[in-house]
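# Inside the fold
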Amino acid sequence: MLGIASGHRITRVGRIGPDGRPTMTVTDHTEADAVADPATALAAVLADAAGAEVVLGLPASAGREEEGRLRGAAEDAGLRVREVLPEPIAVALHYGAIDEGVNRTLLVVDQAAGTVDLTVLAIAPNLTAHIVSTRTERADDHALAAIARELAESEPDAVLLSGALYTSPARRADIEELPEAQGLTVRCTDPELAVVHGLLLRKDFGLLRVAAGPAPARPGFPPPLADPDPQPWRPLPEDPDPRGEPVRKNLGGTGSAVSGASRRQEDPARGERTAPGFPDSHEPEPTPEPERKTEPEPEPTPEQDLGPDQDLGPDQGLGPETEPAAPFGPASAPALRAVPVTQLQYLRRDDHLLVLWAWPDTALTARVRWRREDATATGDGPREGDLTCRRRTYEHDGGLDLALGRGAITLTVEALVADPTVDTEGAASLRIPAEPPVVEYEPALRRRLTGARVATVTLTARTGCDLPALRIVHGLGRYRPTSTAEGTVVHEIPAQRLPAGTPLTVEFPFPGARGPSWLVCFPAGGPDTDHDLDIDLRPTALHRLRVT
């Protein structure tokens, strides 16, 4: 796998070295070589890499014509093009700035000997990188002014530096000391390898979308729900006594005053509005009757029914132990922040995965996201998932068990903490390769009417696969043979396609034997060849391999 970045008359070729770290070779071409005949330039640089798979990088300002010309040049040079990726996206992959669930704005500064490319990226939570704007400036004394102007206009969350010039600490300090960069994170780790390393990481990253233009705005809160049963609005009743004195109620009398919630009525003779139960303002107030000494009436209990004109007042209906609800509800919980976990690893258990990681001290929950990369080998179920794992459940079960099949899976785990000072950049991701398909076999022995014994071996695959050539070995003795050298090859099965769930049965004469004997299948090339990596050949049960 190669990563090739070709732009501004410079070709950078990246490879993974023997120590697992990326290495790079830089070639400076003349304008005629790089522009007029890019195929000749690539062929001269990659004379010994014919047939290799490559990911090509282009400046963000390059168009379809430049992309097609570079792709054609690579194919003419004998290379297999996997993808063409903008160089600022590769820089973001190098620094781990692209991940699911993140929403940030980045400024990528890629400076070469004569030019500096300034590209603004908007990373959306759905793994989409938007190239908002890009421009190329001359790498002279005005380069810092151009960077400062771009910082003021785009207001990014972080600055990513790329190019061999930024290996000097003074170059990085010049950007960090800009007034527009105060409070921003300036990333500068192996800047000379940023582009080619990001191109090499592309094959293991999984789903990634690249779009032009700004990212769509995301509302902070969802729209309010509509009232499923709207009711007409009614104004509150007016106070019948403007003096604000409490109205006495005599639930037992007929001429008693009613509460302030009673409706006003209109007197058609006067054309005025009066309240029932109150004297008219033009008539003299009646003389109250003398107070009678009678037994006090019991106060109405809440179970008593009130008349239609006797509504509860604003202070009635609340007992002495009733408290009004808090105006703003209960205190809100602190906001949780996602931080990457450490020591992320997994254990395969057939169709299950046991995922293990180290928890931060203050984390009680973790968010686990997974995506199946191969839909043909993963079995049933959704292609992707998102779940929350409790720390107490994790420690009780000894890890997180996921039934995800045997296909390739991309896994991401983030712990949720309430500490606002922790570093939330990056994510703990793991690419889990696919397990080989399982092919089970079961030998059997039967006797014909003539007395001859015939052996059969039935092979069944859980998923469709290409079955390599196999050898059936007959072994004698108390111990099962572990290779073709410990027995006699009695039958060979040619390589063929084995559909899922369709058994393949072979039949052959069984040689005469006395005492215990076994029938075991091995790859035709032996257990030490690459054939045993294509499938997982296993018997249905070990005791069934012994046929006599």
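Here, the structure is the one placed above.
Remember, it's a predicted structure, so these values are computed and weren't measured experimentally.

### Description of the sheet that holds strand β25 (residues 470–476)
The 3 strands are arranged β26-β25-β29 in an open sheet whose pairing can be described as antiparallel. Each end of this open sheet is capped by a strand with a single partner; those strands are β26 (488–493) and β29 (517–523). If you compare each strand with its neighbour and ignore which way they point, the axes differ by 25 degrees on average.

### A look at the packing of aromatic side chains
A full pass over the atoms with the stated rule returns 3 aromatic pairs. With a centroid separation of 4.7 Å and an interplanar angle of 35 degrees, the aromatic rings of W357 and Y394 are classed as tilted. In this pair, W357 sits in strand β16 (residues 352–358) while Y394 sits in helix α8 (residues 391–397), placing the two residues 37 residues apart along the sequence. Taking the relative accessible area as the measure of exposure, W357 reaches 6% and is therefore buried. Chaining the aromatic ring pairs together yields one cluster made of W357, W359 and Y394.

### Observations concerning empty space enclosed by the protein
Within this structure, the stated rule accounts for 3 cavities of 30 Å³ or more. Taken as a whole, the largest cavity encloses approximately 90 Å³ of empty space. What lines the largest cavity is a set of 14 residues, and nearest its centre among them are P59, A60, P88, D117 and T119. Along the lines of polarity and charge, the residues of the lining of the largest cavity split into 5 nonpolar, 5 polar and 4 charged.

### Re the sheet that holds β16
Adjacent strands of a sheet form backbone hydrogen bonds with each other and so pair up, either parallel or antiparallel. Strands sit in the order β15-β16-β19 across an open sheet of 3 strands; the sheet is antiparallel. Either end of the sheet is taken by a strand with one partner, and the two such strands are β15 (342–349) and β19 (400–403). Averaged over all neighbouring strand pairs, the angle between strand axes comes to 25 degrees, with direction disregarded. With 6 bridges joining them, β15 and β16 adopt antiparallel strand pairing. Following the sheet pairing, L347 is matched in β16 by L354.

### Some remarks on the nonpolar core
Most often, soluble globular proteins keep nonpolar side chains buried together rather than apart. Membership of the largest hydrophobic core comes to 26 residues, with the highest contact counts inside it found for V355, W357, V368, L402, L411 and V413. Only β16, β17 (365–372), β19, β20 (409–417) and β21 (428–432) provide two or more residues apiece to this core.

### As for the pattern of salt bridges
Applying the stated criterion across every chain, the model contains 21 salt bridges. The salt bridge partner of D204 is K203, with a shortest N-O separation of 3.2 Å. Accessibility expressed as a relative area gives 39% for D204, which makes it partly exposed. In this structure, R446 and E507 form a salt bridge, with 3.0 Å as the shortest nitrogen-oxygen distance.

The rules behind the values
Throughout this description, residue numbers start from 1 for each chain and increase along the sequence as written. Thresholds applied to this predicted model are a pLDDT of at least 70 for local features of residues and 80 or more for the giving and counting of side-chain atom pairs; totals over whole chains, interfaces and linings are not thresholded and use all residues. With hydrogens and water set aside, each side-chain value is computed from the structure's full complement of heavy atoms. Being paired, for any two strands, means DSSP has found at least two bridges between them. Strands are runs of DSSP state E lasting at least 2 residues, helices are runs of H or I lasting at least 4, and numbering of each runs from the N terminus. To obtain each axis, a line is fitted to C-alpha atoms, and for helices this fit is confined to the stretch in contact; angles are then taken between N-to-C directions over 0 to 180 degrees. The aromatic pairing rule takes the rings of Phe, Tyr and Trp, using the six-membered ring of Trp, and pairs them if the centres are within 6.5 Å, calling planes under 30 degrees apart stacked, those over 60 edge-to-face and the rest tilted. Per-residue accessibility, obtained with a 1.4 Å probe over protein chains only, is compared with the maximum for each type, and a residue is labelled buried under 20%, exposed over 50%, and partly exposed between these values. A cavity here means a set of points on a 1 Å grid, drawn over the protein atoms and nothing else, where a 1.4 Å probe fits but cannot get out; a pocket is an open set with protein on both sides within 12 Å along at least five of seven lines, and a residue lines either one if it has an atom within 4 Å of a point. Grid points are joined across faces, edges and corners, and a volume is the space filled by probe spheres set on the points. Each residue gets one label: Ala, Val, Leu, Ile, Met, Phe, Trp, Tyr, Cys and Pro are nonpolar, Asp, Glu, Lys and Arg are charged, and the others, such as Gly, are polar. Among buried residues, the Ala, Val, Leu, Ile, Met, Phe, Trp, Tyr and Cys ones that are joined through side-chain atoms within 4.5 Å form a nonpolar core. Should a side-chain nitrogen of Lys or Arg be within 4 Å of a carboxyl oxygen of Asp or Glu, the pair is scored as a salt bridge.

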